[in-house]
Amino acid sequence: MHHDGSRRPTTVWWGRRLVPLLTAAVAAVVLVGCGGSARGRVGGHGRTVAGARAVGPTGPAAIPAPASPVPGEWTTDAQLLGIACPAATTCVAVGQSASDQGAVLRSVDGGATWTTTAAPQAAGQLTSVACPTTSACVAVGASTTFHPAVYASDDGGLQWSAATVPPVLAPLTAVACASSAVCVAVGGAVGPQGSVPAVLHSSDGGRTWTSGVLPPGIDELTAAACPSATDCVAVGRSGPVASTTDPAVLQSSDGGATWARRTVPVGGIVPSAVACSTTGHCSMAGYDENRRIDVFWASADGGTTWTLGSAAAGPPPAGGPPVAMACATATTCLVVTQPAMGVATGAVSLTADGGHTWTVTGHLPPAVLPSALACPTSDGCVAVGDGGGLAWATHDAGGSWAPSVTPTALGALAAVRCWTAKACVAVGQSSLRTPLVLWTADGGRRWAAAPSPDVGGGLDAVACPGRRVCVAVGGGQSGIGTALVLRTTDGGRSWQTERLDEAGTLQAVACPTALLCVAGGTTFSLNGGTVPQVTVASSDGGRTWHRMGESPDTAAVAGLSCPTPRLCLAVAGGLSASPVVLSFTDPGRPGARWVVRTRIPRSWHLTSIACPTASTCLAAGSQQPAGAGGLGDLVVDSHDAGRHWQVATAYPPYGRADAIGCISVARCAVVGDGRHSHGAGALVSVAGRFRPAVLPGGVGNLYGVTCLTSHRCLAVGTVPGTAAILASDDAGVDWHAQHLPGVISLAVPPQATS
């Protein structure tokens, strides 16, 4: 499973489960989000399987535009672009999430661990942040409409408000604050139509801004620093990108209102990093592309005059282009570089004499691409960026770096089950491709994350056979990995991995008693043609498992329900196997095997089954009507324990139903997944008649559903970029988003071995 329903490089969800790409049509279908009325009836008047007919609306009605019901989430495949540490223990970092939203992280232990806070409303990207005090912070970037934007906070980055800025045409890339009142922001853009520089200044802590006056010939500014309330330095380029003209080094003596050029030794090298201490000492760094060395300058008067420093000495590689610099004292500064050409690591250089001489003290971890640096103490620094994590901390002036415990997105949730009206667990996969488990003790209104087991892979289904006891199943890190079984005895707070020597993925699990559990799935064939079935059973509540007999069709099990301890029904299908309904009598008996209960039309792709009684079952999935180019969602029912089926409701080729949960024979909820432009879909049966349910906008996919009481139901899935949990208090008619724990810290899964 992947943390976003749209990023699936080699696999797609078939139903709510991760299996190989079955057909191009299956990969493209979505469930109707809203629209029309479904005239199906449970146990109703549809024809039998051989001539099952679709009864439903002719098309979807208008669906609200996506608007994530779970804002402010963060995913690790995004990037942090700016950081400020106003104290030794307090840091604020900003950047952009994978869902193209601004993001803010805070640390209160010097960058060792991080938590998210609410990002500024309508922020699309945050590129830089400055915090002159532990409470006053200013961040710059772009809004979701791609306009330059500035945001201010007076509580250390917990809450933000949009600042008043003049019309700015160019992006803002850096911000610096000399005090809680005086700040400057710089930026610019160079394009085929010419350059557009930008410089703003504020005297009220970043709440209102005024355009500064620049000298002519400036193309763009990329970094800034303010050693005092009056003195500020900005660096950038004064020439086209492809030219070798002199760099732009500017200095202001009036808090950023007006700027003047300053002369620096050695022309043609564009400085890319600058930092100043409060004493007026400043350091600046650039990259000589001809000699492939870093070039340093130093100033002792707030950036008015500059002298050339020595090249960094130390073990090769000496580093690539400098990207960030920070000064902890008047004489001590650190600079980090991007990896040099042909080198996997960026260099870290230190000066102890105000920027005159530099020494390479270490290197960043391999593949790390730094973006910003903060040094609250002379030997303690935090770098943020991209690749191999989000933040790294050093306590020996750059000699060694350790990754911080950064937030990890919830990823995607695939299934949810409850054992009381208030106690539930939801399972899925984190964005680090580790099993993800959330638990709740108040009916799903608040959720907490359980520690991740030290395994890779994801969870596709869960069953709770007893009080505080649940069994979750899934698969390893790849489709041909080992099937995965986790078990909890404390209501989901901690999980143990149970040994199961089965290849493939378990996609369904049911536990009709506290001791008896049955799970089914698929073993992927490497030679093509078939999708073999794998089914296992446990007689001790999920501790140990044994292989069950396969059906003659070897069809992959997609959905499973056990209405009694002696009867289990499964819906199954595959690439070459005909879709079937399987039955298993007395699953606890060794040597017993699945048998074909009935064959269903090849146009049916059933992925979930629920049997509220021993005789009545409903199954959900999709169908491909004759002559139709796509799949449409489908609900079928049986009143003779799965021997004969008829259509309860069906929609035109717009979507796919992935999961069904039933309170009773006449009251069921069905959920499915959809494109982000349409949103997920849900159906609800009231008095046996299915009709569309009301969902909040922005829900991209729904994979699992269950009902706690006659009215309270939960559904799980994703919004773009993270997981989502919805709740209904009217048995599935109307749904609303639930509070999630935001982000959680998970261990990196072990590397797969060949």
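Residues numbered from 1 in each chain as written. Predicted model: local features only at pLDDT ≥ 70, side-chain atom pairs only at ≥ 80, totals over all residues. Heavy atoms only, no water.

**Here we look at the overall build of the protein chain**
Check the secondary structure of the protein chain and you find 1 helix and 58 strands. Considering the protein chain as a whole, with its 754 residues, one finds that 58% of them fall into the buried category. Within the protein chain, residue pairs in contact and separated by at least 24 positions form 50% of the contacts whose partners lie at least 6 positions apart. When the accessible surface of the protein chain is totalled, it reaches about 26700 Å², and 54% of it is carbon and sulfur. (Helix = DSSP H or I, 4+ residues; strand = E, 2+ residues; numbered from the N terminus. Buried < 20%, exposed > 50% of the residue type's maximum accessible area, 1.4 Å probe, protein only. Contact = heavy atoms within 4.5 Å. Areas by Shrake-Rupley, 256 points an atom, 1.4 Å probe, with all protein chains shown as cover.)

**Section: the sheet that holds strand 22 (residues 307-308)**
Taking strand neighbours across the sheet as the criterion, the 4 strands line up as 19-20-21-22 in an open arrangement whose pairing is antiparallel. Two strands lie at the open edges of the sheet, namely strand 19 (271-276) and strand 22, each paired on one side alone. As judged from the 2 bridges shared by strand 21 (residues 293-299) and strand 22, these two strands associate in the antiparallel manner. The residue of strand 22 that forms the bridge with W297 is L308. (Pairing = 2+ DSSP bridges.)

**Observations concerning the packing of aromatic side chains**
Evaluation of the coordinates by the stated rule reveals 2 aromatic pairs. On the numbers, 4.3 Å between centres and 15° between planes, the contact of F296 with W358 is stacked. Remark: W358 occurs in the loop between strand 25 (347-351) and strand 26 (359-363) and F296 occurs in strand 21; sequence separation between them is 62 residues. Overall, F296 belongs to the buried group, its relative accessible area being 0%. You can call W358 buried: its relative accessible area is 2%. Taking 5.0 Å as the distance between ring centres and 80° as the angle between the ring planes, the aromatic pair formed by F584 and W594 counts as edge-to-face. (Phe/Tyr/Trp six-rings, centres within 6.5 Å; stacked < 30°, edge-to-face > 60°.)

**Regarding the state of the cysteines**
Going through the model one piece at a time under the given rule, you end up with 14 disulfides. The partner cysteine of C464 in its disulfide is C470, sulfur to sulfur 2.1 Å. Between C464 and C470, the S-S dihedral sits near 100°, and the bridge is therefore right-handed. Residue C464 shares its accessibility class with C470, and that shared class is buried. There is a disulfide in this structure between C611 and C617, and the S-S distance comes to 2.1 Å. Between C611 and C617 the disulfide shows an S-S torsion of about 105°. By sign, it is right-handed. The pair C611 / C617 is uniform in exposure class, with both members buried. (Disulfide = S-S within 2.5 Å.)

**Things to note about the layout of surface pockets**
Taken as a whole, the second largest pocket spans an internal volume of roughly 800 Å³. Lining the second largest pocket are 36 residues, with R417, S561, A610, C662 and T706 positioned closest to its centre. At 6 residues, the largest contribution of residues to the lining of the second largest pocket is made by strand 35 (residues 458-466). Here the lining of the second largest pocket is composed, by residue class, of 26 nonpolar, 7 polar and 3 charged. (1 Å grid on protein atoms, 1.4 Å probe; cavity = no way out; pocket = protein on both sides within 12 Å on 5 of 7 lines; lining within 4 Å. Points joined across faces, edges and corners; volume = space filled by probe spheres on them. Nonpolar A, V, L, I, M, F, W, Y, C, P; charged D, E, K, R; others polar.)

**What to know about the nonpolar core**
Judged by nonpolar contacts, the single largest core of 18 residues is most densely connected at V671, L695, L702, V705, A715, L726 and W735. Going through the elements one at a time, strand 52 (667-673), strand 53 (681-686), strand 55 (701-707), strand 56 (713-719) and strand 57 (722-728) are the ones with two or more residues in this core. Broken down by element, the residue count for this core peaks at 3 residues, all from strand 56. (Core = buried A, V, L, I, M, F, W, Y, C linked by side-chain atoms within 4.5 Å.)

**Focus: the confidence of the model for the protein chain**
Reading predicted coordinates in detail is not appropriate for stretches of low pLDDT. Chain-level pLDDT for the protein chain is 79 on average; 78% of the residues reach the 70-or-more range. Confidence over residues 1-77 falls short of pLDDT 50; this stretch has 251 contacts with residues more than four positions distant or in other chains. Note on residues 743-754: pLDDT under 50 across the span, and 33 contacts to partners over four residues away in sequence or across chains. (pLDDT = per-residue confidence, 0-100.)

**A word on the environment of A142**
Positionally, A142 belongs in strand 8 (residues 137-143). Among the residues examined, A142 registers a relative accessible area of 19% and is labelled buried. For the pair A142 and L126, spaced 16 residues apart in sequence, the C-alpha to C-alpha distance is 6.5 Å. Sequence-distant contacts of A142, that is, excluding residues within four places in its chain, are made with A123, G124, Q125, H147, P148, A149 and Y151.

**Thoughts on the pairing of strand 21**
Across the 7 residues that make up strand 21, a large majority, 6, are buried. Examined bridge by bridge, strand 20 (residues 282-288) and strand 21 share 7 bridges and lie antiparallel to one another. Looking across to strand 21, one finds that M284 is bridged to W297. Connecting the antiparallel pair strand 20 and strand 21 is a turn made up of 4 residues, with R292 showing a positive phi of about 55°.

**Focus on the sheet that holds strand 5 (residues 102-107)**
An order of 3-4-5-6 is seen for the 4 strands of this open sheet, with the pairing classed as antiparallel. Of all the strands in the sheet, just strand 3 (79-84) and strand 6 (115-117) have a single pairing partner and so form its edges. Averaged over all adjacent pairs, the angle separating strand axes in this sheet is 35°, with direction ignored. Where strand 3 lies against strand 4 (residues 91-96), 5 bridges are found, and the strand directions are antiparallel. Counterpart to Q79 in the pairing with strand 4 is Q96. (Axes fitted to C-alpha atoms, helices over the stretch in contact; angles between N-to-C directions.)

**Thoughts on the pattern of salt bridges**
Evaluation of the coordinates by the stated rule reveals 5 salt bridges. Between R237 and E220 there is a salt bridge whose closest N-O contact spans 3.6 Å. One end of the pair, R237, is in strand 16 (residues 232-237); the other, E220, is in strand 15 (residues 220-225), with 17 residues separating them in the sequence. R237 gets classed as buried once you look at its relative accessible area, which sits at 17%. Residue R446 pairs with D442 through a salt bridge whose shortest N-O separation is 3.0 Å. With a relative accessible area of 59%, R446 lands in the exposed category. Among the residues examined, D442 registers a relative accessible area of 18% and is labelled buried. (Salt bridge = Lys/Arg side-chain N within 4 Å of Asp/Glu carboxyl O.)

**Things to note about the side chain of T616**
With respect to the helices and strands, the residue T616 is situated in the loop between strand 47 (604-610) and strand 48 (617-623). Here T616 falls in the buried class, since its relative accessible area comes to 6%. Polar side-chain contacts of T616 include one of 3.3 Å to the side chain of H639. (Polar contact = N/O pair within 3.5 Å; in protein donor to acceptor, adjacent residues only side chain to side chain.)

**Considerations on unusual backbone geometry**
Positive phi, normally seen in glycine, also occurs at F146, with a value near 70°. Looking at the secondary structure, you find F146 in the loop between strand 8 and strand 9 (148-153). In this structure, R292 takes a positive phi of about 55° despite not being glycine. Within the secondary structure layout, R292 lies in the loop between strand 20 and strand 21.

**Looking at the pairing of strand 5**
Along any regular strand the residues' side chains alternate between the sheet's two faces. Among the 6 residues of strand 5, 6 are classified as buried, and the element is accordingly described as predominantly covered. The two faces of strand 5 match: G102, V104 and R106 on one face and A103, L105 and S107 on the other face are all buried. Both strand 4 and strand 5 contribute to a ladder of 6 bridges, which runs antiparallel. Residue pairing across strands places V92 opposite R106, the latter belonging to strand 5.

**What about the environment of T585?**
Mapped onto the elements of the fold, T585 is located in strand 45 (residues 580-585). Non-local contacts of T585, meaning those with residues more than four positions away in its chain, are made with R566 and A592.

**Considering the environment of M341**
As for its placement among the helices and strands, M341 is situated in the loop between strand 24 (333-337) and strand 25. Overall, the relative accessible area of 67% leaves M341 in the exposed class. A C-alpha to C-alpha distance of 8.9 Å links M341 and R292, two positions 49 residues apart in sequence.

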